[in-house]
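# Structural overview
One-letter residues, chain by chain:
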Amino acid sequence: MSDLSAVKAALKTQAVETPSWAYGNSGTRFKVFAQPGVPRTPQEKLDDAAQVHAFTGVAPTVALHIPWDKVDDYAALAKHAEERGLKLGAINSNVFQDDDYKLGSVTNPDPEIRGKALAHLLECVDIMDATGSRDLKLWFSDGTNYPGQDDIAARQDRLAEALQAVYERLGDDQRLLLEYKFFEPAFYTTDVPDWGTAYAHCLKLGPKASVCVDTGHHAPGTNIEFIVALLLREGKLGAFDFNSRFYADDDLMVGAADPFQLFRIMYEVIRGGGLGSDIAFMLDQCHNIEPKIPAIIRSVMNVQEATAKALLVDRDALSAAQTSGDVLGSNAVLMDAYNTDVRPLLAEVREELGIDPDPMAAYKASGWAEKIVAERVGGTQAGWGA
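Keep in mind that this is a model prediction, so the values were computed, not measured.

### Remarks on the packing of aromatic side chains
- Tallied over the full model, the rule gives twelve aromatic pairs.
- An angle of 15 degrees between the planes, with centres 6.0 Å apart, marks the rings of phenylalanine 260 and phenylalanine 263 as stacked. A residue pair is termed a helical-turn pair when its members lie 3 or 4 positions apart in one helix, as phenylalanine 260 and phenylalanine 263 do in helix 8 (residues 259-271) at three residues.
- What makes phenylalanine 260 partly exposed here is its relative accessible area of 27%.
- According to the relative accessible area criterion, phenylalanine 263 is buried, its value standing at 1%.
- Ring geometry for phenylalanine 263 versus tyrosine 338: centroids 5.2 Å apart, planes at 50 degrees, classification tilted. Of this pair, phenylalanine 263 sits in helix 8 while tyrosine 338 sits in helix 11 (residues 327-338), placing them 75 residues apart in sequence.

### Let's talk about the pattern of salt bridges
- For the structure on display, the rule yields 28 salt bridges.
- Here glutamate 352 makes a salt bridge to lysine 8, at a shortest N to O gap of 2.9 Å. Taken together, the positions of glutamate 352 in helix 12 (residues 343-352) and lysine 8 in helix 1 (residues 4-13) put the pair 344 residues apart, joining distant regions of the chain.
- Relative accessible area serves as the criterion here: at 14%, lysine 8 is assigned to the buried category.
- Its salt-bridge partner being arginine 233, residue glutamate 234 comes within 3.1 Å of it at the nearest N-O pair.

### A word on the pairing of strand 2 (residues 61-65)
- With five of its five residues buried, strand 2 lies for the most part within the structure.
- Burial along strand 2 is two-sided: the residues Thr61, Ala63 and His65 and Val62 and Leu64 are all buried.
- The pairing of strand 1 (residues 18-19) with strand 2 spans two bridges and is parallel. The residue of strand 2 that forms the bridge with threonine 18 is valine 62.
- Regarding the hand of the β-α-β motif, the stretch spanning strand 1, helix 2 (residues 42-56) and strand 2 is right-handed.

### A short note on the pairing of strand 11 (residues 249-252)
- Where strand 10 (residues 244-246) meets strand 11, two bridges bridge the pair, whose relative direction is antiparallel. Paired with phenylalanine 246 across the two strands is aspartate 249, which belongs to strand 11.

Calculation criteria
Residues numbered from 1 in each chain as written. Predicted model: local features only at pLDDT ≥ 70, side-chain atom pairs only at ≥ 80, totals over all residues. Heavy atoms only, no water. Phe/Tyr/Trp six-rings, centres within 6.5 Å; stacked < 30°, edge-to-face > 60°. Helix = DSSP H or I, 4+ residues; strand = E, 2+ residues; numbered from the N terminus. Buried < 20%, exposed > 50% of the residue type's maximum accessible area, 1.4 Å probe, protein only. Salt bridge = Lys/Arg side-chain N within 4 Å of Asp/Glu carboxyl O. Pairing = 2+ DSSP bridges. Right-handed = clockwise from strand over helix to strand, strands pointing away.

Honestly, it's all geometry; don't read function into it.
Right, dumping it as structure tokens:
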């Protein structure tokens with residue numbers, strides 16, 4: 001796409017969903033460092049998310065995590081979001097932080113524990129009904145640590161049974177997004193370790209089930225853009241969880257480790273018709289040592305920059321070079337787009353949206369950081385302990 005007006009139009013319609021948990025205290029399994037001004041309630045998380053949307057213009061929805069964001073009245077929480085120019089996005093389940101789930105949740109050999117886990121997943125669908133959320137995102141830490149610990153195939157049967165029960169509970173306009181993780185905390189077998197396993201289950205479930213690609217959940221050297229292209233081709237790419245990772249663990253700001261990879265992923269999204277579709281572009285990040293709201297703003301900007309560069313690829317020239325077998329010429333077309341400084345273009349887009357061209361500087365000047373430090377005194381900060 002070389003028409004700059006079309007590029008700008010596409011960028012203006014882009015939406016990046018931010019995660020409620022990124023506004024709270026979070027970190028590694030070893031330590032969580034608390035910060036002043038951190039939200040104490042889901043409502044205060046939404047207040048912070050509204051700042052991200054105000055300064056980027058493209059972050060209108062917020063994902064919730066249950067029970068981290070548990071409230072008595074979810075319709076009231078949705079109204080709180082609406083009053084701040086937001087909507088509630090994906091509902092994320094949690095079947096990994098209870099002692100009962102030591103040997104698994106929906107794949108646990110104990111039928112009572114499996115029932116408890118399924119009840120929570122169905123509760124999350126009830127919450128979707130109350131909030132108007134479209135997506136239910138499922139990630140399971142289930143797996144085994146030792147050969148012989150459990151029956152590998154039987155665990156897949158248990159997983160399929162639970163997923164089917166959840167799928168049947170979904171409304172007509174609701175979706176199930178199945179996330180995968182290569183390993184950790186299950187080190188011998190993970191019950192949903194890769195895109196192929198997630199795809200196989202979603203394919204069997206039906207059209208309301210799709211795969212969520214977390215950009216940090218792969219073996220080193222994995223070609224993530226190939227996975228994206230294939231799932232797009234099959235109509236089974238439902239969402240992204242954007243983050244970065246060095247070595248094994250993830251949850252760093254998207255684009256921090258390999259911005260070229262993020263560009264390649266976004267090119268395949270655009271080439272496959274995924275931009276402007278039902279695919280949810282979500283952040284899944286935890287900010288442990290960096291200030292949270294600026295880190296989320298920067299993450300949104302990184303997605304925007306990768307998208308802008310991908311939109312600038314001259315697809316006619318690329319197709320011609322590919323068809324003629326011009327290996328270096330094909331690569332050069334991509335590299336020309338990637339090496340373009342798109343920051344001036346995005347500044348123009350923001351000005352046309354009526355917001356400051358420099359979101360980071362505008363947030364810093366807003367005084368919000370000082371305001372929340374002064375006002376959020378007392379109570380219990382949101383987050384999870386380590």
